[in-house]
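The primary structure of each chain is shown beneath.
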Amino acid sequence: MKRGIFIVLEGPDRSGKSTQAGLLKAWLEKRGLEVMVTREPGGTYLSEKIREILLDPKSDIEPLTELFLYETSRVKHTLEKILPALKAGKVIISDRYTLSTTAYQGYGRGLDLKTVETLNRIATLNLKPDLTIVFDIPDKVFTQREKTRPGRDRIERAPDAFRRRVNRAYKLLARRPGVTRVDGGRSVGEIQADIRTRVEKLLRK
Ligand code: ADP
């Protein structure tokens, strides 16, 4: 059966994921591939509604409630969008997936990592990305971007200590099998070149 390719971009907010997703899409399309860019939380009507709740600074959400909201949005996204696109042979580029939940709800909020991983498996129906690219942002660049582009949503407004825990978590998670790290502190072009090399390898498989 013909099967597509599932690529996930991960990293802290403002690490350049959506910038690189757009460039990667254009490059793959030039090569004649059918590409679908999507994001989490979101990607479907219902999942985007859940995203609104999650990012609304007025939402009062406990860590466990937050975990289930992310996973609920993920089930719908996986069933309605990702699995059909894979079956249709498309390249899917998702801005965030399960590793975000491990980083933010596991390491960031301090929820039990085993619980988070179990729910990740259930919510994805065991689907694993073919490649997860983690954008590793040097602390100096991270602080600079926070200052020049302050976040407005509920997660971006979370305490500094929370976001620092998430950043540290990504550095650890980037060492997992199936995960590759890119240095996100460089120019847009340099990062894109790096990503293309990794994706090229995947296309040759
Ligand atoms: P994310 O999707 O991870 O939140 P974005 O792609 O939206 O990140 O980028 C966040 C901001 O940083 C945007 O204003 C973008 O133009 C800028 N940006 C993205 N990549 C780089 C880079 N390599 N160097 C400097 N600024 C960047």
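Read on for an overview of the structure. Small disclaimer: the values here were computed from a predicted structure and weren't measured. (Residues numbered from 1 in each chain as written. Predicted model: local features only at pLDDT ≥ 70, side-chain atom pairs only at ≥ 80, totals over all residues. Heavy atoms only, no water.)

### A word on the pattern of salt bridges
Working step 1: Under the criterion given, the structure shown has 18 salt bridges.
Working step 2: When the shortest N-O distance is used, the salt bridge between lysine 25 and glutamate 29 registers 2.9 Å. Highlighted residues: lysine 25 and glutamate 29, both in helix H1 (residues 17-30), separated by 4 residues, approximately one helical turn.
Working step 3: A residue is classified by how much of its surface remains accessible, and glutamate 29, at 36% relative accessible area, is partly exposed.
Working step 4: Notably, a salt bridge pairs aspartate 136 with lysine 171, separated by 2.5 Å at the nearest N-O pair. In this pair, aspartate 136 sits in strand E4 (residues 131-136) while lysine 171 sits in helix H7 (residues 160-173), placing the two residues 35 residues apart along the sequence.
Working step 5: Through salt bridges with shared partners, one network takes in Glu10, Asp13 and Arg96. (Salt bridge = Lys/Arg side-chain N within 4 Å of Asp/Glu carboxyl O. Helix = DSSP H or I, 4+ residues; strand = E, 2+ residues; numbered from the N terminus. Buried < 20%, exposed > 50% of the residue type's maximum accessible area, 1.4 Å probe, protein only.)

### As for the side chain of arginine 51
Working step 1: With respect to the element layout, arginine 51 can be found in helix H2 (residues 45-55).
Working step 2: Although arginine 51 is buried, it forms no salt bridge, and the closest oppositely charged side chain is glutamate 48 at an N-O distance of 4.4 Å.
Working step 3: Those residues in contact with arginine 51, other than ones at most four positions away along the chain, are Arg39, Glu40 and Pro41. (Lys, Arg positive; Asp, Glu negative; His and termini not counted. Contact = heavy atoms within 4.5 Å.)

### Things to note about the site of the ligand
Working step 1: Around the ligand, a shell composed of 15 residues is seen, among which Arg14, Lys17, Ser18, Thr19 and Arg186 lie nearest.
Working step 2: Between the ligand and glycine 16 there is a distance of 3.0 Å, counted from an oxygen atom to a backbone nitrogen or oxygen.
Working step 3: Within the side chain of threonine 19, one N or O atom sits 2.5 Å away from an oxygen atom of the ligand.
Working step 4: In the complex, 69% of the free accessible area of the ligand, which totals 560 Å², lies under the protein chains.
Working step 5: Sorting the residues of the shell around the ligand by element identifies H1 and helix H8 (188-204) as the ones contributing at least two each.
Working step 6: Of the residues forming the shell around the ligand, the biggest block, 3 residues, is contributed by H1.
Working step 7: Looking at side-chain class alone, the shell around the ligand contains 3 nonpolar, 5 polar and 7 charged residues. (Near = heavy atom within 4 Å. Polar contact = N/O pair within 3.5 Å; in protein donor to acceptor, adjacent residues only side chain to side chain. Areas by Shrake-Rupley, 256 points an atom, 1.4 Å probe, with all protein chains shown as cover. Nonpolar A, V, L, I, M, F, W, Y, C, P; charged D, E, K, R; others polar.)

### Some details on the environment of arginine 145
Working step 1: The topology assignment puts arginine 145 in helix H6 (residues 139-148).
Working step 2: Each C-alpha atom, one on arginine 145 and one on valine 8, is 22 Å from the other, the two residues being 137 residues apart in sequence.
Working step 3: Those residues within four positions of arginine 145 in sequence are excluded, and the remaining contacts are Arg14, Ser15, Gly16, Ile137, Pro150 and Gly184.

### Thoughts on H7
Working step 1: For H7, with 14 residues, the first-to-last C-alpha span of 20 Å sits near the 20 Å given by 1.5 Å per residue.
Working step 2: Restricting attention to buried positions, one finds in H7 the residues Phe162, Arg163, Val166, Asn167, Ala169, Tyr170 and Leu173. End-on, the buried residues of H7 take up no more than an arc of 160 degrees, which puts them together on one face.
Working step 3: Residues of H7 that are buried sit in contact with strand E1 (5-10), helix H4 (98-108), E4, H6 and strand E5 (179-183). (Expected span 1.5 Å × (residues − 1). Arc of directions from axis to C-beta.)

### Comments concerning the pairing of E1
Working step 1: Burial within E1 is extensive, with 6 of its 6 residues counted as buried.
Working step 2: Here E1 shows two buried faces, one formed by Ile5, Ile7 and Leu9 and the other by Phe6, Val8 and Glu10.
Working step 3: Examined bridge by bridge, E1 and strand E3 (residues 91-95) share 5 bridges and lie parallel to one another. When the bridges of E3 are listed, phenylalanine 6 appears paired with isoleucine 92.
Working step 4: With 4 bridges connecting them, E1 and E4 associate as parallel partners. (Pairing = 2+ DSSP bridges.)

### A closer look at a nonpolar patch on the surface
Working step 1: On the surface, Val75, Leu79 and Leu125 cluster together into a nonpolar patch covering about 240 Å² of accessible area.
Working step 2: Turning to its location among the elements, valine 75 is positioned in helix H3 (residues 63-87).
Working step 3: Its relative accessible area of 30% is what places valine 75 among the partly exposed residues. (Patch = residues over 30% accessible without salt bridge, like charges linked within 9 Å, V, L, I, M, F, W, Y side chains within 5 Å.)

### Some points on the sheet that holds E1
Working step 1: In spatial order, the strands read E2-E3-E1-E4-E5; together these 5 strands make up an open sheet with parallel pairing. Of all the strands in the sheet, just strand E2 (35-39) and E5 have a single pairing partner and so form its edges. Recorded for the sheet is a direction-independent mean angle of 20 degrees between the axes of neighbouring strands.
Working step 2: Bridge count for E2 against E3 is 5 bridges, and the pairing is parallel. Bridge pairing in E3 places arginine 39 opposite aspartate 95.
Working step 3: Relative to E2, H3 is tilted by about 160 degrees, and along the sheet it contacts E1, E2 and E3. (Axes fitted to C-alpha atoms, helices over the stretch in contact; angles between N-to-C directions.)

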